[in-house]
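Observations on the model geometry
Given next are the chains, with one letter for each unit.
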Amino acid sequence: MITISVCMIVKNEEQVLARCLDSLQGIADEIVIVDTGSTDRTKEIAAEYTDRIYDFVWVDDFSAARNFAFSKATKEYIYSADADEVLEEEDRRKFLQLKQVLLPEIEIVEMIYVNPEDCNAVYNYNREPRPKLFRRLRTFRWIDPVHETVATDPIVYSSEIEIQHRPLALHTKRDLAVMEKTLKKHGRMSDRLFSMYAKELFISGEPDDFTAAVEWFRVRSMSPEITVEKRLEAVCVVAKAYAMKKAWEAFLALVLPEVSGGSAVPAELYFLLGNYYEGSNPAQAAEWYRKAALEAENYICISYGGETALKKAIRLLMQEGRTEEAEIFASMLENK
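Residues numbered from 1 in each chain as written. Predicted model: local features only at pLDDT ≥ 70, side-chain atom pairs only at ≥ 80, totals over all residues. Heavy atoms only, no water.

By the element assignment, Tyr 270 lies in helix 10 (residues 267-277). Tyr 270 sits in the buried class, given a relative accessible area of 6%. C-alpha separation for the pair Tyr 270 and Glu 295, spaced 25 residues apart in sequence, amounts to 9.4 Å. When near neighbours in sequence (up to four residues on either side) are disregarded, Tyr 270 contacts Val 259, Val 265, Trp 288, Lys 291, Ala 292 and Ala 296. (Helix = DSSP H or I, 4+ residues; strand = E, 2+ residues; numbered from the N terminus. Buried < 20%, exposed > 50% of the residue type's maximum accessible area, 1.4 Å probe, protein only. Contact = heavy atoms within 4.5 Å.)

In this section: empty space enclosed by the protein. Per the stated rule, a full pass over the model turns up one cavity of 30 Å³ or more. Its volume calculated, the largest cavity comes out at about 40 Å³. Among the elements of the structure, helix 1 (17-23) and strand 5 (85-86) are those that each provide at least two residues to the lining of the largest cavity. Considering only residue class, the lining of the largest cavity consists of seven nonpolar, one polar and one charged. (1 Å grid on protein atoms, 1.4 Å probe; cavity = no way out; pocket = protein on both sides within 12 Å on 5 of 7 lines; lining within 4 Å. Points joined across faces, edges and corners; volume = space filled by probe spheres on them. Nonpolar A, V, L, I, M, F, W, Y, C, P; charged D, E, K, R; others polar.)

In contact at an axis separation of 11 Å, helix 5 (residues 172-186) and helix 6 (residues 191-204) are set at 135 degrees when each is read in the N-to-C sense. Taken together, the axis directions place helix 5 and helix 6 in an arrangement best described as oblique. The two elements helix 5 and helix 6 meet at a crossing, and its hand is left-handed. Listed contacts from helix 6 to Thr 172, Asp 175, Leu 176, Met 179, Glu 180, Thr 182 and Leu 183 of helix 5 are Leu 193, Met 196, Tyr 197, Glu 200, Leu 201 and Ser 204. Within the contact of helix 5 with helix 6, the residues separate by chemical class into seven nonpolar, three polar and three charged. (Axes fitted to C-alpha atoms, helices over the stretch in contact; angles between N-to-C directions. Parallel < 35°, antiparallel > 145°, perpendicular 65-115°, else oblique. Left-handed = near helix turned anticlockwise from the far one by under 90°.)

Right, let's get into the pairing of strand 6 (residues 108-114). Burial within strand 6 is extensive, with six of its seven residues counted as buried. In this structure, strand 6 lies alongside strand 10 (residues 156-165), joined through six bridges in parallel fashion. By the bridge assignment for strand 10, Glu 110 is matched with Ser 158. (Pairing = 2+ DSSP bridges.)

Looking now at the pattern of salt bridges. Within this structure, the stated rule accounts for 23 salt bridges. Taking the shortest distance from any N to any O, the salt bridge between Lys 43 and Asp 55 comes out at 2.8 Å. Here Asp 55 lies in strand 3 (residues 53-55) and Lys 43 lies in helix 2 (residues 42-46), a separation of twelve residues in the sequence. When salt bridges that share partners are traced, they join Glu 287, Arg 290, Lys 291 and Glu 295 into one network. (Salt bridge = Lys/Arg side-chain N within 4 Å of Asp/Glu carboxyl O.)

This part is about the packing of aromatic side chains. How two aromatic rings sit relative to each other is set out by the distance from centre to centre and by the angle between their planes. The tally for this structure, following the rule as stated, stands at 17 aromatic pairs. Here the aromatic rings of Phe 251 and Tyr 276 are separated by 6.0 Å at their centres, their planes lie at 40 degrees, and the arrangement is tilted. With Phe 251 in helix 9 (residues 248-261) and Tyr 276 in helix 10, this pair connects stretches of sequence that are 25 residues apart. Judged by relative accessible area, Phe 251 falls into the buried class, the value being 0%. What makes Tyr 276 partly exposed here is its relative accessible area of 26%. The rings of Phe 194, Tyr 197, Trp 216 and Phe 217 are connected pair by pair, giving a single aromatic cluster. Its end group placed over the ring of Tyr 113, Arg 130 keeps NZ or CZ at 3.7 Å from the ring centre. Of note, Lys 132 hangs over the ring of Tyr 79, and the distance from its end group to the ring centre comes to 5.5 Å. (Phe/Tyr/Trp six-rings, centres within 6.5 Å; stacked < 30°, edge-to-face > 60°. Lys NZ or Arg CZ within 6 Å of the ring centre and 35° of its normal.)

The next subject is the sheet that holds strand 2 (residues 30-35). The eight strands lie next to each other as 3-2-1-4-7-6-10-5, forming an open sheet whose pairing is mixed. Since the sheet does not close on itself, it has two edges, and those belong to strand 3 and strand 5, each with one partner. Note that strand 1 (residues 4-10) and strand 4 (residues 77-80) share four bridges and pair parallel. Within strand 4, the position partnered with Val 6 by the bridge is Tyr 79.

Written as structure tokens, this is what we have:
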């Protein structure tokens, strides 16, 4: 049977920490809690479960805090948990079974991360596989019978264990602040963080959040070095920023060339045009929503296309008395 260190970074988690740790009873052989500046009872609650509690001065870097937490682990595997996660009883049972039978050559275990729809600030799905259990010390192996080499790809096992993500509130402001500081400090970010920044802004950002970032995304959208996917993500962010500010001249100057000349048009741009035309030209708005639903893919936010866009198109067509077209769209919705 393997041994597991549960490693967590926390700050002001008194409302959810016990719920999380209770669900890990019997799974954790040790619990490492790294506190980044709590002012509530978080550390007091943590002390009821472990004496491995450490303070870490917050430096606007979640990776630095997690690396510090991992450095304190002593068991064979590390389970990286957040305080707002919880394991249901059935998944606790699966985890305990996994602990009994996990083969030593497996280095990473993926689990199914379940996001409630109303607490999803970044992701375009409610369920996703996510690496959660990591072998603490990796053993390097020679492979191939000739021209041998060292295997560098980790051995990953995909489990059916579900982790329920149940935050009491979104952390959008906190996350956006970290990304803004990262941008100011380095002037750039990885492709992965670029996409995460774009998604969190587009899905959950408020006007002042866009103000701090829109110029950077606008400049990046024109860079010759940027990939097509990243350029379109940047364009979506800038377009929404203009729409939120009601800067319609700039909005149309940006979006109309994209939808008329681009081979790949994000559904988000069609959807934003639908929003723009709803008040003045419902029929035109319905057509943009139709395109968002049926002729494009989402690059940032899944709710800016698909069923949501089709429902908007149906409502507007009915409003315009175009019942036959609305019924065609409604049948498409039923067949989805």
